[in-house]
Amino acid sequence: MTMKSKVSIVKASYDNIYRNLSKAIDLVGGLDIADKKKIVIKVNLCDARPPSTGAITHPKFLDAVLRYLRENFNELEIYVVESDARMVLADLYIRWFGLLSVMEKWGAKWCNLSKDKVVKKKINGLYFKEIDFPQVFEDCYFITLPKLKTNILTKMTCCLKNQFGCLTTVNKARYHRWIHDVIVDVNKAFKPDFCIVDGIISMVGCKGPAFGMPVKSELLLAGKDPVAVDTVCAKIMGFRPSTIGYIRKAEKVGIGSMTCEIVSEINPLPRIDSKWSKVELLMLKLASYLQKRASK
Amino acid sequence: MRVGVIGCGTIARRAHLPALKSIDHVEIWAVADVNRKAAERVAKKFNIPNVYADYKDLLKDETIEAVSICAPSFSHAEIAVESAKAGKHILVEKPLAMNVKDAVKVVKSAKEHNVKLCCVFNYRYFPAAQKAKEIITNGNLGDIVSIYGIAHTHFPISWTRSTWLYHKGGALDDFGPHLIDMICWLNESEVEEVFALGGDFLGTTNFINYIQILMKFKNRSLAVADISWLTGSFLFVIDVHGTGGHLRLDVRYNHLEKFHGMRTPLDDFRSFRTRMTTITKDVISKKFFRGALAFYKQIYEDFILSIEKGIKPPITGEEGLRVTAISEAAKISLAENRPVNISDLIKNYLDKRDG
């Protein structure tokens, strides 16, 4: 794929988020929902951490996204989805961390993927030959809402990694050894149609994705190509995109393109890697290296 | 000695059963859990001959001398009372009960049936905590003036996926009992009055996820217990300030620092050195990674010794009752925004029962 994918970057805070969210979406040409009857939104609930930590989707961010969708596509059904995991009790977290009340406000339905009916979907991926495909994803327009964070296993987590949470099993940790291949596979099965990154509060440091340092980075990123958006996010976090295994592999299998056009009023490209220490960066790289060795 | 274990959840599997298994003259004779399959799995893993779904059937076995109660907190009191009636010595996980009324029942029942009752406050067994206790008992800090305790843990999801822990008491009933017990144990005085602030920081959970409890003791000292599930850390630090010196006990890191009068760079240097050596030793010996779970064996040994020798258990039922009373007083204080007198609270229930 050689076509340049557009990625928008805008400055935003949780107080003025709606205006800037609309801007970020419009800069990349808006949502091409066409004849789809429903929208599925994948949030990020990786652990029992309050939204102010930058670890999980902020309710104000979800509120702005749902408002945008209701104002522009009012007739569509909207589902907000996440799955249970070893450290995730999704049904409880949506209530504790304020996402449920936002869903109720905008008439969006909640779907715990671990409890949804599934069908087997053949994908012939790098790791999976077939994957459990929850019913809610059938014939939907899929929007992924990742956080901008470091990750001890993969250096960073953003659009592509967010779909790891589409795996319905609670014991997702068993795939950590082959994490890059698995991320590519889940993106073959659940390829997002649109990505909006909540980088208003990001997380840095080697204790990500749940216990790192929150940083007020005040960024919103949007794009239709998850590989392109992750490429830009990697640069913002101070990583060379080609050193992130799953980004490189996702481009190779045709999920998206690392060649992208940045549409932004912010120049030069914002960086948040200066907000954390070099020692932590080294530890993160070491952990990532060990993970790579283990997967061989 | 034959022992029965009631409740086969995480704490039983990770702490109680391995500890019991490692004591020579103890035989784990039976396990009981409402989830019979879980009990069977545990029995198979630890080679335990008898499995029950109903703990009352376990209590009918006359060869069992003592029971460990590792079931969810809300069932501790009922199981403990039934165990006492069956003449079994009781070791019960914290908290002893969910309220003073039930805790009083447990303590009285154990006395009536002449069985030993021991509540598990395993953090007392950290060597640094033992040393702190010795320093205070020896009078090296003079009179205790104030104590500041912090017990910040992550939501118990890192420990178990069970959701019964997310009831109204939340963090106060989960890790709170350990901090409250440590403060009372170190201070060697009775709490007279309790005032609490906090509750639901997130405003959406309906349980206590942060709380500060101010305690006034009979010896006129004051203590603050700061308990939370929100900060994503595992901080268990207690500062004790006396007329004759200061002590900082980092329970989890098994480290103690002490200075008298003005703090000097020499105190800091000494503290840094001992902290590094302690942590290094504990990491090398792997004790660090076991944390407080490493001390269950000692609790069991002391408990069994108390049965065999007819002496006081290492941690008494009354001490468990005291912690439950402070927790309940804190909840009343939160709800009614007023200080709550502890002796009135306990006396109230004692009088009712006696009457």
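Nothing here was measured: the structure is a model prediction, and the numbers come from that model.

### Regarding the overall build of chain B
Logical step 1: Helix and strand counts for chain B stand at 13 helices and 14 strands.
Logical step 2: The C-alpha radius of gyration of chain B comes to 20 Å, within 12% of the 20 Å expected for a compact globule of 355 residues.
Logical step 3: Reported as C-alpha extents along the three principal axes, the dimensions of chain B are approximately 60 × 50 × 45 Å.
Logical step 4: Among the 355 residues that make up chain B, the fraction classed as buried is 57%.
Logical step 5: In chain B, of all internal contacts separated by at least 6 residues, the share reaching a separation of at least 24 is 69%.

### Details of the nonpolar core
Logical step 1: If you look at the biggest cluster of nonpolar residues, it comprises 177 residues, and the most contacted ones within it are I41 of chain A together with I213 of chain B.
Logical step 2: Setting aside anything within four residues of it in sequence, one finds I41 of chain A in contact with L62, V65, L66, L69, I78, Y79, V80, V81, I143 and L145 of chain A.
Logical step 3: Among the nonpolar cores identified, the runner-up in size contains 58 residues, and F137, C140, V182 and C206 of chain A belong to it.

### With respect to the sheet that holds strand β10 (residues 222-228) of chain B
Residues and elements named next belong to chain B.
Logical step 1: Taking strand neighbours across the sheet as the criterion, the 8 strands line up as β13-β12-β11-β7-β10-β9-β8-β14 in an open arrangement whose pairing is mixed. Where the open sheet ends on each side, the last strands, each with one partner, are β13 (255-259) and β14 (340-341).
Logical step 2: Bridge analysis of strand β8 (residues 191-199) against strand β9 (residues 210-217) gives 8 bridges, and the strand direction is antiparallel. Bridged to A196 within β9 is I213.

### Some words on a nonpolar patch on the surface
Logical step 1: A cluster of nonpolar side chains, contributed by L286, Y289 and L290 of chain A, occupies part of the molecular surface with about 320 Å² of accessible area.
Logical step 2: Mapped onto the secondary structure, L286 of chain A falls in helix α9 (residues 278-295).

### Overview of the pattern of salt bridges
Logical step 1: A full pass over the atoms with the stated rule returns 32 salt bridges over all chains.
Logical step 2: Its salt-bridge partner being K105 of chain A, residue D63 of chain A comes within 2.9 Å of it at the nearest N-O pair. You can see D63 of chain A sitting in helix α2 (residues 59-72) and its partner K105 of chain A sitting in helix α4 (residues 99-106), a full 42 residues away along the chain.
Logical step 3: D63 of chain A gets classed as buried once you look at its relative accessible area, which sits at 18%.
Logical step 4: In this structure, R124 of chain B and D181 of chain B form a salt bridge, with 2.7 Å as the shortest nitrogen-oxygen distance. Within this pair, whereas R124 of chain B is found in the loop between β6 (117-120) and α6 (127-137), its partner D181 of chain B is found in helix α8 (residues 176-187), the two being separated by 57 residues in sequence. Just as R124 of chain B is buried, D181 of chain B falls in that class too.
Logical step 5: Residues participating in the shared-partner salt-bridge network are R124, D181, E190, E319 and R322 of chain B.

### A few points about the side chain of D84 of chain A
Logical step 1: By secondary structure assignment, the location of D84 of chain A is in the loop between β3 (77-82) and α3 (90-96).
Logical step 2: Within the structure, the side chain of D84 of chain A is placed 3.3 Å from the side chain of N112 of chain A, a separation counted as a polar contact.
Logical step 3: Residue contacts for D84 of chain A: discarding those within four places in its chain leaves L89, A90, D91, N112, S114, K115, T169, V170 and K172 of chain A together with R161 of chain B.

### A word on the layout of surface pockets
All names here are of chain A.
Logical step 1: Quantified by volume, the second largest pocket comes out at close to 800 Å³.
Logical step 2: What lines the second largest pocket is a set of 37 residues, and nearest its centre among them are C46, D47, N151, P209 and A210.
Logical step 3: The set of elements that each furnish at least two residues to the lining of the second largest pocket consists of β8 (147-151) and α5 (159-162).

### Observations regarding a positive patch on the surface
Logical step 1: A surface patch of positive charge is lined by R86 of chain A together with R13, R14, K37, R41, K45 and R290 of chain B.
Logical step 2: Breaking the positive patch down by element, the ones donating at least two residues are α1 (10-21) and α2 (36-46) of chain B.
Logical step 3: Tracing the backbone through its elements, the reader meets R86 of chain A in the loop between β3 and α3.
Logical step 4: For R86 of chain A, a relative accessible area of 35% gives the class partly exposed.

### Describing the interface of chain B and chain A
Logical step 1: On the chain A side, the residues contacting the 17 residues of chain B number 17 residues.
Logical step 2: Interface area for chain B against chain A, summed over the two sides, is near 1400 Å², with a carbon-plus-sulfur share of 62%.
Logical step 3: Looking only at chain B, the three residues that lose the most surface to chain A are I157, R161 and T204 of chain B, adding up to 41% of its buried area.
Logical step 4: At the boundary of chain B with chain A, the tally comes to 0 salt bridges.

### Some words on the packing of aromatic side chains
All names here are of chain B.
Logical step 1: Applying the stated criterion across every chain yields a total of 30 aromatic pairs over all chains.
Logical step 2: Centre to centre, the rings of F74 and W164 are 6.1 Å apart; their planes meet at 85 degrees, and the pair counts as edge-to-face. Here F74, found in the loop between β4 (66-69) and α4 (76-85), pairs with W164, found in the loop between β7 (144-152) and α7 (170-174); they are 90 residues apart in sequence, far enough to count as distant.
Logical step 3: With a relative accessible area of 55%, F74 lands in the exposed category.
Logical step 4: For W164, a relative accessible area of 30% translates into the label partly exposed.
Logical step 5: Its guanidinium or amino end placed over the ring of F288, R252 lies 4.6 Å from that ring's centre, counting from NZ or CZ.

### Some words on the packing of α2 of chain A against α4 of chain A
All names here are of chain A.
Logical step 1: For the pair α2 and α4, interaxial distance at closest approach is 9 Å and the crossing angle is 15 degrees. Judged by the angle between their axes, α2 and α4 are roughly parallel. Read as a crossing pair, α2 and α4 show a hand that is right-handed. The segment α2 lies against α4, with P59, L62, D63, L66, R67 and R70 engaging L99, V102, M103, K105 and W106.

### Observations regarding the pairing of β13 of chain B
All names here are of chain B.
Logical step 1: Where burial is concerned, most of β13 is hidden: 4 out of the 5 residues are buried.
Logical step 2: As paired strands, strand β12 (residues 245-250) and β13 are joined by 5 bridges and run antiparallel to one another. The residue of β13 that forms the bridge with L249 is L256.
Logical step 3: In this antiparallel pair of consecutive strands, β12 and β13, the connection spans 4 residues, and N254 shows a positive phi of 55 degrees.

### Structural notes on helix α12 (residues 317-336) of chain B
Logical step 1: For α12 of chain B, with 20 residues, the first-to-last C-alpha span of 28 Å sits near the 28 Å given by 1.5 Å per residue.
Logical step 2: Across the 20 residues that make up α12 of chain B, a large majority, 15, are buried.

### Looking at the confidence of the model for chain B
Logical step 1: Per-residue confidence for chain B averages 95 on the pLDDT scale, and 98% of its residues sit at or above 70.
Logical step 2: Two summary scores accompany this predicted model of the complex, namely pTM at 0.93 and ipTM at 0.89.

### Describing the state of the cysteines
Residues and elements named next belong to chain A.
Logical step 1: Summed over the entire model, instances satisfying the criterion amount to 0 disulfides over all chains.
Logical step 2: Cysteine C140 shares no disulfide, and the gap to the nearest cysteine sulfur, in C166, comes to 9.4 Å.
Logical step 3: Residue class for C140 comes out buried when judged on its relative accessible area of 8%.

### Thoughts on the environment of A64 of chain A
Residue and element names in this part refer to chain A.
Logical step 1: With respect to the secondary-structure elements, A64 resides in helix α2.
Logical step 2: Taking the C-alpha atoms as reference points, A64 and D15, 49 residues apart in sequence, are found 10 Å from one another.
Logical step 3: If near-sequence neighbours (up to four positions away) are discounted, A64 is found in contact with I17, Y18 and L21.

Conventions we followed
Residues numbered from 1 in each chain as written. Chains lettered and ligands numbered in written order. Predicted model: local features only at pLDDT ≥ 70, side-chain atom pairs only at ≥ 80, totals over all residues. Heavy atoms only, no water. Helix = DSSP H or I, 4+ residues; strand = E, 2+ residues; numbered from the N terminus. Rg over C-alpha atoms; globule rule 2.2 N^0.38 Å. Buried < 20%, exposed > 50% of the residue type's maximum accessible area, 1.4 Å probe, protein only. Contact = heavy atoms within 4.5 Å. Core = buried A, V, L, I, M, F, W, Y, C linked by side-chain atoms within 4.5 Å. Pairing = 2+ DSSP bridges. Patch = residues over 30% accessible without salt bridge, like charges linked within 9 Å, V, L, I, M, F, W, Y side chains within 5 Å. Areas by Shrake-Rupley, 256 points an atom, 1.4 Å probe, with all protein chains shown as cover. Salt bridge = Lys/Arg side-chain N within 4 Å of Asp/Glu carboxyl O. Polar contact = N/O pair within 3.5 Å; in protein donor to acceptor, adjacent residues only side chain to side chain. 1 Å grid on protein atoms, 1.4 Å probe; cavity = no way out; pocket = protein on both sides within 12 Å on 5 of 7 lines; lining within 4 Å. Points joined across faces, edges and corners; volume = space filled by probe spheres on them. Lys, Arg positive; Asp, Glu negative; His and termini not counted. Charge placed at Lys NZ, Arg CZ, Asp CG, Glu CD. Buried area = accessible area lost by both parts, 1.4 Å probe. Phe/Tyr/Trp six-rings, centres within 6.5 Å; stacked < 30°, edge-to-face > 60°. Lys NZ or Arg CZ within 6 Å of the ring centre and 35° of its normal. Axes fitted to C-alpha atoms, helices over the stretch in contact; angles between N-to-C directions. Parallel < 35°, antiparallel > 145°, perpendicular 65-115°, else oblique. Left-handed = near helix turned anticlockwise from the far one by under 90°. Expected span 1.5 Å × (residues − 1). pLDDT = per-residue confidence, 0-100. Disulfide = S-S within 2.5 Å.

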